[in-house]
Amino acid sequence: MQITDDDIKRVEKIFFPNGESFEDPNNERYNFIKCIDKSIHLQACPGSGKTTALLAKIYLLSEKMPFENNRGICVLTHTNVAIDIIKTIR
């Protein structure tokens, strides 16, 4: 299973209807969204797009469900905003 740049471009239209994107100078958010086999870190500062990138990744992964061997997605978050948004996905 993989997440492609085309997948990210498609989900950008959902999360950013005004034309914004996940692009950043170091491709941190693109790399985070595409990475599914290891941990990856994002710059942690207010407004940097961490929650939105996480939601985009969850959205794209949910499209690929069901996974092999009854695997699923577990989401842990420490923000009420993220919880509310995650509840609305799918």
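Engineer: Report on the overall build of the protein chain, specifying residues and quantitative values.
Structural biologist: Check the secondary structure of the protein chain and you find four helices and zero strands. When the helices and strands of the protein chain are read in sequence order from the N terminus, they spell out α-α-α-α. In summary, the protein chain has a C-alpha radius of gyration of 13 Å against a globular reference of 12 Å for 90 residues, a match within 12%. Viewed in the frame of its principal axes, the protein chain has a C-alpha envelope of about 35 × 30 × 25 Å. For the protein chain, with 90 residues in total, the buried portion stands at 29%. About 6,500 Å² of surface is accessible on the protein chain, with carbon and sulfur atoms providing 49% of the total.

Engineer: So what's going on with the side chain of Asp7? Which residues, and what values?
Structural biologist: With respect to the helices, strands and loops of the structure, Asp7 is situated in helix α1 (residues 5-15). Polar side-chain contacts of Asp7 include one of 2.9 Å to the backbone nitrogen of Thr4. In this structure, Asp7 is in contact with Gln2, Leu60 and Lys64, ignoring residues within four places of it in sequence.

Engineer: Describe α1, with residues and values.
Structural biologist: Residues of α1 that are buried: Asp7, Ile8, Val11 and Glu12. Down the axis of α1, the sector holding all buried residues measures 140 degrees, keeping them to one side. Facing away from the buried side of α1 by over 90 degrees, the exposed positions are Asp6 and Lys13.

Engineer: Report on the nonpolar core, specifying residues and quantitative values.
Structural biologist: Across soluble globular proteins, nonpolar side chains show a tendency to be buried alongside one another. Membership of the largest hydrophobic core comes to 14 residues, with the highest contact counts inside it found for Ile3, Ile8, Val11, Phe22, Ile33 and Leu60. For this core, the elements supplying multiple residues, two or more each, are α1, α2 (28-34) and α3 (50-63). Here this core gets five residues from one element, more than from any other, and that element is α3. Setting aside its immediate chain neighbours within four residues, Ile8 contacts Ile3, Phe22, Tyr30, Ile33, Lys34 and Leu60.

Engineer: Give a description of the packing of α1 against α3 that names residues and reports values.
Structural biologist: Axis separation between α1 and α3 bottoms out at 10 Å; the angle between their running directions is 115 degrees. The element α1 and its partner α3 pack so that their crossing is right-handed. Counted together, Asp7, Ile8, Arg10, Val11, Ile14 and Phe15 of α1 and Thr52, Leu55, Ala56, Tyr59, Leu60 and Glu63 of α3 form the full contact between these two elements. A class-by-class count of the residues in the contact of α1 with α3 yields eight nonpolar, one polar and three charged.

Engineer: Account for a nonpolar patch on the surface, with residues named and values stated.
Structural biologist: The grouping of Met65, Ile73 and Val75 at the surface amounts to a nonpolar patch, some 200 Å² of accessible area in total. With relative accessibility at 30%, the residue Val75 sits in the partly exposed group.

Cut-off values and rules
- Numbering of residues starts from 1 in every chain and runs along the sequence as written.
- Reporting in this predicted model follows two pLDDT cut-offs: at least 70 for local features of residues, and 80 or more for side-chain atom pairs to be given and counted; totals over whole chains, interfaces and linings ignore these cut-offs and use all residues.
- With hydrogens and water stripped out, all remaining heavy atoms of the structure feed into the side-chain values.
- Each helix is a run of H or I in the DSSP string that is no shorter than four residues. Each strand is a run of E no shorter than two, and both are numbered from the N terminus.
- Only C-alpha atoms enter the radius of gyration; for comparison, a globular chain is expected to reach 2.2 Å times N to the power 0.38, where N is the number of residues.
- The rule is simple: take the accessible area with a 1.4 Å probe, protein chains only, and divide by the maximum for that residue type; under 20% is buried, over 50% is exposed, in between is partly exposed.
- Values of accessible area rely on a 1.4 Å probe in the Shrake-Rupley scheme; residue burial ignores everything except the protein chains shown.
- N or O atoms closer than or at 3.5 Å make up a polar contact, with two conditions inside protein: a donor-capable atom paired with an acceptor-capable one, and, for residues adjacent in sequence, both atoms drawn from side chains.
- In this description, contact between two residues means that some pair of their heavy atoms is separated by no more than 4.5 Å.
- In this description, one arc is meant: the one made by directions from the helix axis to the C-beta atoms.
- The nonpolar core is taken to be a set of buried Ala, Val, Leu, Ile, Met, Phe, Trp, Tyr and Cys residues, with the residues joined through side-chain atoms within 4.5 Å.
- Interaxial angle, 0 to 180 degrees, is taken between N-to-C directions of lines fitted to C-alpha atoms, where a helix line uses only the stretch in contact.
- By definition, any crossing whose near helix is turned counterclockwise from its far helix by less than a right angle is left-handed, and any crossing with a clockwise turn is right-handed.
- Residue classes follow a fixed rule: Ala, Val, Leu, Ile, Met, Phe, Trp, Tyr, Cys and Pro count as nonpolar, while Asp, Glu, Lys and Arg count as charged, and any other residue, Gly among them, counts as polar.
- What goes into a patch is any residue over 30% in relative accessible area without a salt bridge, connected to like charges within 9 Å or, for nonpolar side chains (Val, Leu, Ile, Met, Phe, Trp, Tyr), within 5 Å.
- A side-chain nitrogen of Lys or Arg and a carboxyl oxygen of Asp or Glu constitute a salt bridge if their distance falls within 4 Å.

The values are spatial; any link to function lies outside them.
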